[in-house]
Amino acid sequence: MINLESFIRNIPDFPKPGIQFKDITPLLISPFAFREVISQMTKPFRSQGIDKVLGIEARGFLFASPIAMELGAGIVPVRKPGKLPFETISHTYTLEYGTDTIEMHKDAVSPGDKVLIVDDLLATGGTVEAACKLVESAGGVVTGISFLVELAFLNGRTKIDGYPVHALIQF
Ligand code: AMP
């Protein structure tokens, strides 16, 4: 058994005081640990007929792409405003101070598509909740959500109640 937690590096006070940043780059440079993570993040969603894997900018892309290949699904990038070249749909959500917006190409998810949402980390849940709304506004079905890390003390799961959520490591 491999201790995946040992591949996550804690960086205190990054990017600002009080934040304990979970740095996943030690995991990325270990081919064995990364392969194991992709296998475990994919496992609960095999045989679910996933059509699209949606990755959230930017670290989500690193996990969504190999998971999509494992599942034989397409990959959909969800990005910050102004990054995607074609026509987009967007969703704006509230942060502690102010708002944030995420976008996706309007033809990325088709009505009835079964979508798996992937990100590196669940914190307050605002980002992934917005991603669920984007998928649903395109007529897609959020079939699952897969994270590497969950900061359980922030209770992000309450925002995505009712969806099948899987996280490999809890802090
Ligand atoms: P949230 O919307 O609060 O759930 O934030 C989730 C997004 O912010 C994810 O895309 C994470 O990559 C990033 N994030 C939030 N908090 C942290 C943290 N402590 N360490 C690393 N990434 C974080």
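Residues numbered from 1 in each chain as written. Predicted model: local features only at pLDDT ≥ 70, side-chain atom pairs only at ≥ 80, totals over all residues. Heavy atoms only, no water.

Once that is clear, we can look at the overall build of the protein. Helix and strand counts for the protein stand at 4 helices and 9 strands. The order of helices and strands in the protein, counted from the N terminus, is β-β-α-α-β-α-β-β-β-β-α-β-β. Its C-alpha atoms give the protein a radius of gyration of 15 Å, near enough to 16 Å, the size a compact globule of 171 residues would have. Each principal axis of the C-alpha atoms in the protein carries an extent, and together these give about 40 × 40 × 30 Å. Taken over 171 residues, the protein has a buried fraction of 43%. (Helix = DSSP H or I, 4+ residues; strand = E, 2+ residues; numbered from the N terminus. Rg over C-alpha atoms; globule rule 2.2 N^0.38 Å. Buried < 20%, exposed > 50% of the residue type's maximum accessible area, 1.4 Å probe, protein only.)

Another point: the site of the ligand. In the neighbourhood of the ligand, 13 residues make up the surrounding shell, with D119, D120, T124, G125 and T127 lying closest. Q20 is positioned such that a nitrogen or oxygen atom in its backbone is 3.0 Å from a nitrogen atom of the ligand. The contact in question runs from an oxygen atom of the ligand to an N or O atom on the side chain of D119, over 2.7 Å. In the complex, 82% of the free accessible area of the ligand, which totals 480 Å², lies under the protein chains. The site holding the ligand turns out to be the largest pocket. Elements represented by at least two residues in the shell around the ligand include exactly β2 (20-23), β7 (114-122) and α4 (126-137). Partitioning the shell around the ligand into residue classes produces 4 nonpolar, 5 polar and 4 charged. (Near = heavy atom within 4 Å. Polar contact = N/O pair within 3.5 Å; in protein donor to acceptor, adjacent residues only side chain to side chain. Areas by Shrake-Rupley, 256 points an atom, 1.4 Å probe, with all protein chains shown as cover. 1 Å grid on protein atoms, 1.4 Å probe; cavity = no way out; pocket = protein on both sides within 12 Å on 5 of 7 lines; lining within 4 Å. Sits in = over half its atoms within 2 Å of the grid points. Nonpolar A, V, L, I, M, F, W, Y, C, P; charged D, E, K, R; others polar.)

Moving on, we get to the pattern of salt bridges. Side chains that differ in charge, positive against negative, can pair when their charged atoms come close. By the definition in use, this model includes 8 salt bridges. Put simply, D23 and R9 hold a salt bridge, and the shortest N to O gap is 2.8 Å. With D23 in strand β2 and R9 in strand β1 (residues 9-12), this pair connects stretches of sequence that are 14 residues apart. Residue E87 pairs with K106 through a salt bridge whose shortest N-O separation is 2.9 Å. (Salt bridge = Lys/Arg side-chain N within 4 Å of Asp/Glu carboxyl O.)

So, about the environment of E70. Inspection of the secondary structure puts E70 in helix α3 (residues 59-71). With 28 residues separating them along the chain, E70 and T42 place their C-alpha atoms 7.4 Å apart. Not counting residues up to four positions away in its chain, the partners in contact with E70 are I38, T42 and R46. (Contact = heavy atoms within 4.5 Å.)

With parallel pairing, the 5 strands of this open sheet are ordered in space as β4-β3-β7-β8-β9. Either end of the sheet is taken by a strand with one partner, and the two such strands are β4 (74-78) and β9 (165-170). In this sheet, adjacent strand axes meet at a mean angle of 20 degrees when their direction is disregarded. The pairing of strand β3 (residues 52-56) with β4 spans 5 bridges and is classified as parallel. Residue G55 lies in a different strand from β4, and its bridge partner there is P77. (Pairing = 2+ DSSP bridges. Axes fitted to C-alpha atoms, helices over the stretch in contact; angles between N-to-C directions.)

None of the figures reported here should be taken as evidence of function without further support.
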